[in-house]
Amino acid sequence: MTMQEPPFNSEMLEALLNMDEGPTLDFKREQYPFENETVQVKGELLKDILAMVNTHRYRTAYILVGVEEDRGGRSVVVGVDQHWEDASLHQFVNNKTNRPAAFSYFPFSSDGKRIGVFSIPIQRRPVYLLADFGKLTRNTVYVRDGSSTRGATPDEIADMGRTNLPRLVEWSIARLLVLARNAIVSTAEQGQGRPGRYSMSYDKAREWVLKIVDERIIEFTDAYSAGMDSYRSLHWVFEGFEKLASYCTQTIRTIGPALIDSGALMRAIVEIEDCINLEKRVWDEFRIRMDGTGSPLPVEANFNLLSVAARTVRFIDVLEDEEQYGNLDHCALNSYRQPIFLRSNKWGEWRR
């Protein structure tokens, strides 16, 4: 999993200058020696990058070159005259590791001087050397320990298989998954005339929902029509989606800042919340247009619920793909932006 890096600007630099060195921040007064240097000298640069990559953290890490630390105060921008090509640095590091290390290097101007910025996003760990390099040893996982670097313990290495997300975020995602899967299962069971049993697996329910939606089945079987034959029966199922939307709202309000680096995840939560709330307004129109909550519904009314169910399935797909949380383009919900029931002229009259 590689999180999308936040944009680097003067405000971010100012915030970093007022922080002390630690697991996500390192200051270097002098530029790293690199070109035409020995492996022992180059090893310092390599070790620092690998240590930042492997350290457990919740945000992008930075190495600022050309900055003199002032612990407890604002560190001083002194600048450096020499900068290295980002591509050369990547080739140097990633030719030696078990998997590519994600980072970028670029010059940045501040206080009339130019500094070098290493930006290292959250990513899959561990990353280690496949062969000895100078004083660095193969298969050793280097990590930051405060403002220094050391080899990771076996327990720390074992824990690197887990997500870098904070525990509260992990718990919230797990809760969203439970609510979303339950809504899909209840939809499929009600649609097949056996509501409230919760005996169907999510995989079977998912297959049922997508078969109807993807194949654009307009004429339902008798069993399906019997399962979704009134406002009361459909609304009972829709309550599961309303619970999901309510928890999406709560999640955004309580841990929204922790999701800043998780572009696809945050986007999916916002979009499914909006989708369900939009269809909730349609349910309210049902209640106004019908004589009673037990009145028969036209078959086309089922499409309203299925449209929500289809997007909820895609929402679950996003939640289950941790490696794509930081990818803003990874959000399959948009594939169902146009509801399937638009093919029905009769349903179009209900929507107006």
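This text gives an overview of the structure that appears in the document. Predicted, not measured: the structure shown is a model, and the values here were computed from it. (Residues numbered from 1 in each chain as written. Predicted model: local features only at pLDDT ≥ 70, side-chain atom pairs only at ≥ 80, totals over all residues. Heavy atoms only, no water.)

**Observations regarding the overall build of the protein**
Next, step 1: A count of helices and strands for the protein gives 11 helices and eight strands.
Next, step 2: Looking at the protein residue by residue over its 352 residues, the buried ones come to 49%.
Next, step 3: For the protein, contacts bridging at least 24 residues in sequence account for 72% of all contacts bridging at least 6. (Helix = DSSP H or I, 4+ residues; strand = E, 2+ residues; numbered from the N terminus. Buried < 20%, exposed > 50% of the residue type's maximum accessible area, 1.4 Å probe, protein only. Contact = heavy atoms within 4.5 Å.)

**Considerations on helix H3 (residues 86-94)**
Next, step 1: Taken as a whole, H3 has its buried residues at Leu 89, His 90, Phe 92 and Val 93. One face of H3 carries all of its buried residues, which in axial projection span an arc of 165 degrees. Exposed and oriented more than 90 degrees from the buried face of H3 are Ala 87 and Gln 91.
Next, step 2: In the core, the buried residues of H3 are packed alongside helix H2 (39-54), strand E5 (104-110) and strand E6 (113-120). (Arc of directions from axis to C-beta.)

**Topic: the sheet that holds strand E2 (residues 61-65)**
Next, step 1: As summarised here, the arrangement of the four strands in space is E1-E2-E6-E5, forming an open sheet in which the pairing is mixed. Of all strands in the sheet, those with a lone pairing partner are strand E1 (25-28) and E5, marking the two edges. Shown here is a sheet whose adjacent strand axes are inclined to one another by a mean of 20 degrees, direction ignored.
Next, step 2: Looking at chain direction, E2 and E6 are connected through five bridges and run antiparallel. Considered in E6, the bridge of Val 65 is made with Gly 116.
Next, step 3: The strands that H2 touches are E1, E2 and E6; relative to E6, the one it contacts most, it runs at about 50 degrees. (Pairing = 2+ DSSP bridges. Axes fitted to C-alpha atoms, helices over the stretch in contact; angles between N-to-C directions.)

**Looking at the pairing of E2**
Next, step 1: The element E2 is extensively covered by neighbouring structure, given that five of its five residues are classed as buried.
Next, step 2: Side-chain alternation along E2 places Ala 61, Ile 63 and Val 65 on one buried face and Tyr 62 and Leu 64 on a second face that is also buried.
Next, step 3: Note that E1 and E2 share four bridges and pair parallel. Residue pairing in the sheet places Leu 25 in a bridge with Tyr 62 of E2.

**Structural notes on the environment of Val 41**
Next, step 1: Examined against the element boundaries, Val 41 turns out to sit in helix H2.
Next, step 2: Its relative accessible area of 30% is what places Val 41 among the partly exposed residues.
Next, step 3: The spatial distance from the C-alpha of Val 41 to the C-alpha of Gly 134 is 8.0 Å, given a sequence separation of 93 residues.

**Concerning the environment of Ile 157**
Next, step 1: Mapped onto the secondary structure, Ile 157 falls in helix H4 (residues 154-159).
Next, step 2: The exposure class of Ile 157 is partly exposed, given its relative accessible area of 32%.
Next, step 3: Considering only alpha carbons, one finds Ile 157 and Val 143, 14 residues apart in sequence, at a separation of 9.8 Å.
Next, step 4: If we ignore the near neighbours within four places in the chain, the residues touching Ile 157 are Val 141 and Ala 152.

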